[in-house]
Amino acid sequence: MIIAVASGKGGTGKTTVASSLALVAAEKGEVLFLDCDVEEPNGHIMLKPRWHKKETVRVPVPEINREKCTLCGRCAEVCAFHALVVLPREVMLFPTMCHGCGGCWHLCPAGAISPGWREIGQVEEGSSGKIGFVHGRLNVGEAISPPLIQAVKERIRPGILNIIDAPPGTSCPVIRAVRGADFCLLVTEPTPFGLHDLKLAYEMAARLGVPCGVAVNRSDGNDNLIRQFCHNNNVPLLFRLPRDREVAGGYARGIPAVEVRPGWKKHFLDLLAYLEKGGYARCAN
Ligand code: SF4
Ligand code: SF4
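Here the structure is a predicted model, which is why all the values come from computation and not from measurement. (Residues numbered from 1 in each chain as written. Chains lettered and ligands numbered in written order. Predicted model: local features only at pLDDT ≥ 70, side-chain atom pairs only at ≥ 80, totals over all residues. Heavy atoms only, no water.)

## Overview of the site of ligand 2
1) Next: Around ligand 2 sit P62, C79, F81, A83, L84, C98, H99, G100, C101, G102, C104 and W105, and that is every residue in its neighbourhood.
2) Next: Residue composition of the shell around ligand 2, grouped by class: nine nonpolar, three polar and no charged. (Near = heavy atom within 4 Å. Nonpolar A, V, L, I, M, F, W, Y, C, P; charged D, E, K, R; others polar.)

## Some points on the nonpolar core
1) Next: With 40 residues, the main nonpolar core has V178, C184, L186 and V214 as its most contacted residues.
2) Next: Ranked by residue count, the leading element in this core is helix α7 (residues 192–208), at six residues.
3) Next: Setting aside chain neighbours within four positions, we find L186 in contact with A6, L198, A201, Y202, C212, G213, V214 and A215.
4) Next: If you look at the next biggest cluster of nonpolar residues, it comprises 32 residues, including A18, A215, F239 and F268. (Core = buried A, V, L, I, M, F, W, Y, C linked by side-chain atoms within 4.5 Å. Buried < 20%, exposed > 50% of the residue type's maximum accessible area, 1.4 Å probe, protein only. Helix = DSSP H or I, 4+ residues; strand = E, 2+ residues; numbered from the N terminus. Contact = heavy atoms within 4.5 Å.)

## With respect to a nonpolar patch on the surface
1) Next: Side chains of V85, L87, M92, F94 and M97 sit close together on the surface and give an oily, nonpolar patch of about 350 Å² of accessible area.
2) Next: Looking at the secondary structure, you find M97 in the loop between β5 (91–93) and α4 (103–107).
3) Next: Residue classification places M97 among the partly exposed residues on the basis of a relative accessible area of 36%. (Patch = residues over 30% accessible without salt bridge, like charges linked within 9 Å, V, L, I, M, F, W, Y side chains within 5 Å. Areas by Shrake-Rupley, 256 points an atom, 1.4 Å probe, with all protein chains shown as cover. Salt bridge = Lys/Arg side-chain N within 4 Å of Asp/Glu carboxyl O.)

## Structural notes on the packing of α7 against helix α8 (residues 224–233)
Relative orientation and spacing of two packed helices are given, respectively, by the angle between their axes and the distance between those axes.
1) Next: The geometry of α7 relative to α8 is characterised by a closest axis approach of 10 Å and an angle of 25° between their N-to-C directions. If you check the angle between α7 and α8, you find them roughly parallel. In the crossing of α7 with α8, the sense of the turn from one axis to the other is right-handed. For the pair α7 and α8, the contacting residues are P192, L195, L198, K199 and Y202 in the first and L225, I226, F229 and N233 in the second. (Axes fitted to C-alpha atoms, helices over the stretch in contact; angles between N-to-C directions. Parallel < 35°, antiparallel > 145°, perpendicular 65-115°, else oblique. Left-handed = near helix turned anticlockwise from the far one by under 90°.)

## A closer look at the side chain of R118
1) Next: Here R118 is to be found in strand β6 (residues 113–128).
2) Next: Residue R118 is classed as buried on the basis of its relative accessible area of 12%.
3) Next: Within the structure, the side chain of R118 is placed 2.5 Å from the side chain of E142, a separation counted as a polar contact.
4) Next: Excluding residues within four positions of it along the chain, R118 makes contact with V57, R58, V59, V61, P95, T96, C98, E142 and I144. (Polar contact = N/O pair within 3.5 Å; in protein donor to acceptor, adjacent residues only side chain to side chain.)

## Side note on the layout of surface pockets
1) Next: Within this model, the largest pocket holds a volume of roughly 440 Å³.
2) Next: What lines the largest pocket is a set of 23 residues, among which G11, T12, G13, R218 and Y251 lie closest to the centre.
3) Next: Every element with two or more residues in the lining of the largest pocket is listed here: α1 (14–26), β10 (212–219) and α9 (245–252).
4) Next: Of the residues that constitute the lining of the largest pocket, the class distribution is six nonpolar, nine polar and eight charged.
5) Next: Counted as a void, the second largest pocket has a volume near 270 Å³.
6) Next: Along the wall of the second largest pocket there are 17 residues; nearest its centre are H99, I144, P146, P147 and R176.
7) Next: Contributing elements (two or more residues each) for the lining of the second largest pocket: β3 (50–64), α5 (146–153) and α6 (172–178).
8) Next: A per-class count over the lining of the second largest pocket returns 11 nonpolar, three polar and three charged. (1 Å grid on protein atoms, 1.4 Å probe; cavity = no way out; pocket = protein on both sides within 12 Å on 5 of 7 lines; lining within 4 Å. Points joined across faces, edges and corners; volume = space filled by probe spheres on them.)

## Re the sheet that holds β3
1) Next: Judged by pairing direction, the sheet is mixed, and its nine strands sit side by side in the order β3-β6-β7-β2-β8-β1-β9-β10-β11 without closing on themselves. Both edges of this open sheet fall to β3 and β11 (237–242), since each of them pairs with a single strand only. Neighbour to neighbour, the strand axes of the sheet diverge by 20° on average, direction disregarded.
2) Next: Sheet topology note: the strand β2 (residues 31–35)/strand β7 (residues 131–138) ladder contains five bridges and is parallel. Bridged to F33 within β7 is F133.
3) Next: Each of β2, β3, β6, β7 and β8 (161–165) touches α5; the most contacted strand, β6, lies at about 45° to it.
4) Next: Lying over the sheet, α7 contacts β9 (183–188) and β10, oriented at roughly 170° with respect to β9. (Pairing = 2+ DSSP bridges.)

Laid out in structure tokens, this is it:
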């Protein structure tokens, strides 16, 4: 089973929830934690894996043969990402804007472009007790993260529980992380900003056809905004974690929430039982 833990914005406690879920699930069986927040992976701070393996991830990028190039301009026309500019004496490539689509080398009339490779980051694999651990680390300044997220997801292991810690937001990297999951847990805060971003995240999951449920983090007891949204959209509000200074302090020191508050394990056990039953509905639209 694949569970994605996502949120419409950063700072809602997504990693707090995902890492605690992994620790509780590991008491029952084998778990793989996949940190797809490749721009800022921090699941390892909570779960402290021992690393076993590291692999470089590369994407295709054009290599231009200046001797063959006629400066015709065709490659710049076909590049939808404006990664190529044809100047009077040379073709300039902006590698971080290239999506590796191959359009330029397929359509260059002079056969002057061939595919090369560009490194965008690394995938590291390890384990923490019974939890297998994978994360991606995007190179500093790199803009193209979906291929690295895909490389992390290629490590998904069938037959066990896979927990994906998705990037925040609702853009391409999040979609790449959540697509194909069996369930998406949307973590939010009980504020108007939290509700706004929850709506976006819910729409994203619904469009991907991934069933979802909501977890409220830092609840102050007044969760009416979120409760109403869940009710109106027929989305289960699965659990609420209260605002807790000790948990926040633990997070800052790399201590998972369920280690600071063992009583919170119940929420995650209930979630696992809910998922095991498989009774969750598809998203409303
Ligand atoms: S399409 Fe080929 S020949 Fe034309 S400018 Fe680009 S590299 Fe040069
Ligand atoms: S491979 Fe695609 S994205 Fe990259 S420069 Fe060529 S046309 Fe543009």
